[in-house]
Structures are given as structure tokens and as C-alpha cells.
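Residue strings, one per chain:
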Amino acid sequence: MALRVAGLFLKKELVAPATQQLRLLRTGNATRTKFLANSPNTVLDKSILQRYRNLETPANRVQATYLWIDGTGENIRLKDRVLDKVPSSVNDLPDWQYDGSSTYQAHGENSDTTLKPRAIYRDPFKPGKNDIIVLCDTYSADGKPTPSNKRAAFQAAVDQIGDQEPWFGIEQEYTLLDVDGRPFGWPENGFPAPQGPYYCGVGADRVYARDLVEAHVVACLYAGIDFAGTNAEVMPAQWEFQIGPSGIKACDDLWVSRYILQRIAEEYGVVVTFDPKPMEGQWNGAGAHTNFSTKEMRAEGGIKAIEEAIEKLSKRHERHIKAYDPKEGKDNERRLVGRLETSSIDKFSWGVANRAVSVRVPRGVATAGKGYLEDRRPSSNCDPYAVCNAIIRTCLLNE
């Protein structure tokens, strides 16, 4: 009897937070106000904007949202301009300038920083059928790439590799927060039940903000992003989406999909964080696992090329750790601790179907004898250009 009572008590303690969450979710607007009480965007009536989106705009005028990465190496900035004609390609778009001293990229006495358009996407937020998102990279007054412009170096590496056709597929994990920094849907006081039921879960006591996530999928597909899928992650309020596979476009797509996600969350009054360890303790961190293959790896017998690439990666572990988060490994120190589905930051390891290693070979790849490898070290806030550049230079250029 004592054991049975103890078991019932333990079950009550583990389930109570999740049950409490279900009860809170059922209170509707009252709960929404409680979770997002300090989020100004939830106060605005979003239906008012639709009145103006329904207005007809001139067919020959295009709203272009220029996006770029600021000096932190992990945040997106943007500004809009109206063009007098519809561009047929990125080459039709003008360069633009902005105040780099306000984005950690220049000093005030010489602050004009240049945006060079690199990719075009359809804009899911603007009303015109020709309105676009323009992904740019950034250049200082001397014409050189800014320190946070990792795309230029990656493009230079791609230009050297010939016909090896590298593909990347990136698994972007992220966490939803309220504006006070508490994971969205978590009890105000205390914690949800331990990890276990949330990964790929279903139910109001296990999954939070699915409507936001599904809106993101549709918006990315509309934009022209090679969007591969999405799922709820191990920690409650944590999600993942996948991009690719493709070449440099996978990196472009990831940055634009991050922007689209943050814009949609902005409308909901929710905060998106790409922090690799948003909650201390026995909660999974967030990564950007990067899948990599070449034409040789994808061909029959490609497992040999995969193993050769892994051997090269094992000899450049420190170099890759520095490239895999914006703070040269300091962010990943909090995540790569050798548990909670991570490897140790200090030691390279690999294995088949093992999620506690630096590089994983999926079971299906090992069985088929061809395919790709998964580098599990990149942090969720990584710059994908820096990650993919490091992989190419190590595995294909033998640097």
C-alpha cells in the first residue's frame, strides 16, 4: 500500500503542471492575457491593417523589404523601399545604404554601409502580388565585406569546388517565449512535467502555439523557400523546422525563414529565441543540425566518401566549434555538455544512429551505403554561412 500511495503521489506531482496548463488554456482570452500581459503587440487590433491591405496598389510599383544580418552575426534587420518596376532577377535590384553605426557595423563618423541584393523571395506580409523580400549581404565603406558578412567567404569557397555539388539540409530548433522571457505556455510559477511527452506531441497539455508554427510553414512555402518540414521538440515550447537540401540557397533560405518566423510571432505577441540553451537544468538545448552530402556521397558506395569526410572533420574539431556559434564556441559551451542528446564540446566523436555524438550517420545511410552525414554541433543561433563554409573548406578544399 505504501508503495502504491507513493506512486500515486509521484504521478500527481509529474502530471499536475501539465493538467494545470490544460486548465489555463481552456480559459481562453483570460489565459492569453495572463501569458502575454506585457506584450504590446497583443493589444493591437490586427483586423484594422487588413482594411488597408485590401486597397489596390499600382501594378508597376513594388514594395521591397531589404533584409540583412547585423553586427551581432545572429540578428536580422530590415527596411522597405518602393521600386518603380518589377525586377526580373536580383541583378535588377539597386544597392542600398544604411546607418551601420546603429547596427554594430560601423563608426558614426563613417557609418554608411552598403546592402548588396543576393536573393529574392515573395513577401507573405505585403499585399501586392509583386512585393518581395530581398536578402542582402553587407559591405563597409572601403568595399570589403563587414565582419558579420559570412556569405562572401562561403561564396568564395563554393566557387572553388568545381562539380562536387555540395548539398546542405539544416534543422533549425527554436523556443517560443513570452516577452518576460518565460517559455510560452509554461506555468507562471513552477515548471511543466519533465521531458518525454512533448516531442512530436499532440494535445493542449503538450503542444503550445501550433497555429503560429503552421502559419510559418505556409508563409515560407509562399515565399519560395525550400521548406522540408516541422515538428514539436523535446522541451515544451520548443519547435524545429527543416530547410533544404540545396547549396548556398539553404543558407539564404534559413535566414529568410528565421525572419518570417519572427515576423509572424511578432503579430501574435510571442518572442522567438534561437538561444542554444534557453533554460538551464534538465531541459534540452537547441541546435541547427546540419546535414551534408556531395555528389560522390550520394552515389553508390558513397559511404566511403562520408567516412573520409568524417575523418577530416575529426582533425579540425576546434576550428568547427569556433565557426558553429556567433561567439566562437561560448554559446555552445552551455549546450554541448555530453548529455541531453549532445556530444561534449571538448571531444570529437561519431557513430551510426547515435544522437550523443558530434557527427551522426543515420541508420538508413549506413544500410544503403550512401547518402549524407549529420553534423550535430552547430548551435541554433549559428550563422549557416559560417557553418557550411567551414564544412566545405575542411571536407572539400582540405584546408
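Look a little higher up for the structure.
For the structure given in this document, a descriptive report is provided here. What you are looking at is a predicted structure, and each value in this text was computed from that prediction instead of being measured.

Our focus in this paragraph is the environment of glutamine 155. Within the fold, glutamine 155 resides in helix α4 (residues 151–158). Put simply, glutamine 155 and isoleucine 248 are 93 residues apart on the chain and 7.6 Å apart in space, counted from C-alpha to C-alpha.

To describe a pair of aromatic rings, one takes the distance between the centres and the angle between the planes. What the rule picks out here adds up to 11 aromatic pairs. With centroids separated by 6.1 Å and ring planes inclined at 70°, the aromatic side chains of tryptophan 186 and phenylalanine 191 adopt a geometry described as edge-to-face. Looking at phenylalanine 191, the relative accessible area reads 45%, which means it is partly exposed. Through a chain of ring-to-ring contacts, the aromatic side chains of Tyr174, Phe227, Phe241 and Phe274 assemble into a single cluster. Its end group placed over the ring of tyrosine 139, lysine 116 keeps NZ or CZ at 5.9 Å from the ring centre.

Our next topic: the side chain of aspartate 178. For aspartate 178, the location among the structural elements is in the loop between β6 (167–177) and α5 (210–223). At a separation of 2.8 Å, a polar atom in the side chain of aspartate 178 contacts the main-chain amide nitrogen of aspartate 180.

For strand β10 (residues 288–293), the tally of buried residues reaches six of six residues, placing the bulk of the element in the interior. Of the two faces of β10, the one carrying Ala288, Thr290 and Phe292 and the one carrying His289, Asn291 and Ser293 are both buried. Two elements, β6 and β10, share six bridges in a ladder whose sense is antiparallel. Counterpart to glycine 169 in the pairing with β10 is asparagine 291.

What follows covers the pattern of salt bridges. Side chains carrying opposite charge are able to pair once their charged atoms draw close together. Tallied over the entire structure, the rule returns 23 salt bridges. Linking glutamate 374 and arginine 376 is a salt bridge whose minimum nitrogen-to-oxygen distance equals 3.3 Å. In terms of burial, glutamate 374 and arginine 376 fall into one category: buried. Via salt bridges that share partners, Glu74, Asp275, Lys327, Asp331 and Arg334 belong to a single interconnected network.

With respect to the helices and strands, histidine 216 occurs in helix α5. Given a relative accessible area of 1%, histidine 216 falls into the buried group.

This next bit is on the sheet that holds strand β3 (residues 96–99). If you trace the five strands from one edge of the open sheet to the other, you get β2-β1-β5-β4-β3, paired in mixed fashion. The open sheet has two edge strands, β2 (76–83) and β3, and neither has a second partner. Strand-to-strand twist across the sheet, computed as the mean angle between neighbouring axes with direction ignored, equals 40°. Two elements, strand β4 (residues 112–122) and strand β5 (residues 132–139), share eight bridges in a ladder whose sense is antiparallel. Bridging across to β5, isoleucine 120 finds its partner in valine 134.

Following the sequence through the fold, lysine 295 ends up in helix α7 (residues 295–298). Considered as a pair, lysine 295 and alanine 37 are 258 residues apart in the sequence and their alpha carbons are 52 Å apart. Not counting residues up to four positions away in its chain, the partners in contact with lysine 295 are Asp163, Gln164 and Glu165.

Take empty space enclosed by the protein next. In the structure shown here, the tally under the stated rule is one cavity of 30 Å³ or more. Computed from the structure, the largest cavity encloses a volume of approximately 40 Å³. Lining the largest cavity, in full, are Ile69, Cys136, Asp137, Thr138, Ser148, Asn149, Lys150, Arg151 and Tyr385. Take the lining of the largest cavity: its biggest share by element is three residues, from β5.

Scoring rules and cut-offs
- Residues numbered from 1 in each chain as written.
- Predicted model: local features only at pLDDT ≥ 70, side-chain atom pairs only at ≥ 80, totals over all residues.
- Heavy atoms only, no water.
- Helix = DSSP H or I, 4+ residues; strand = E, 2+ residues; numbered from the N terminus.
- Phe/Tyr/Trp six-rings, centres within 6.5 Å; stacked < 30°, edge-to-face > 60°.
- Buried < 20%, exposed > 50% of the residue type's maximum accessible area, 1.4 Å probe, protein only.
- Lys NZ or Arg CZ within 6 Å of the ring centre and 35° of its normal.
- Polar contact = N/O pair within 3.5 Å; in protein donor to acceptor, adjacent residues only side chain to side chain.
- Pairing = 2+ DSSP bridges.
- Salt bridge = Lys/Arg side-chain N within 4 Å of Asp/Glu carboxyl O.
- Axes fitted to C-alpha atoms, helices over the stretch in contact; angles between N-to-C directions.
- Contact = heavy atoms within 4.5 Å.
- 1 Å grid on protein atoms, 1.4 Å probe; cavity = no way out; pocket = protein on both sides within 12 Å on 5 of 7 lines; lining within 4 Å.
- Points joined across faces, edges and corners; volume = space filled by probe spheres on them.

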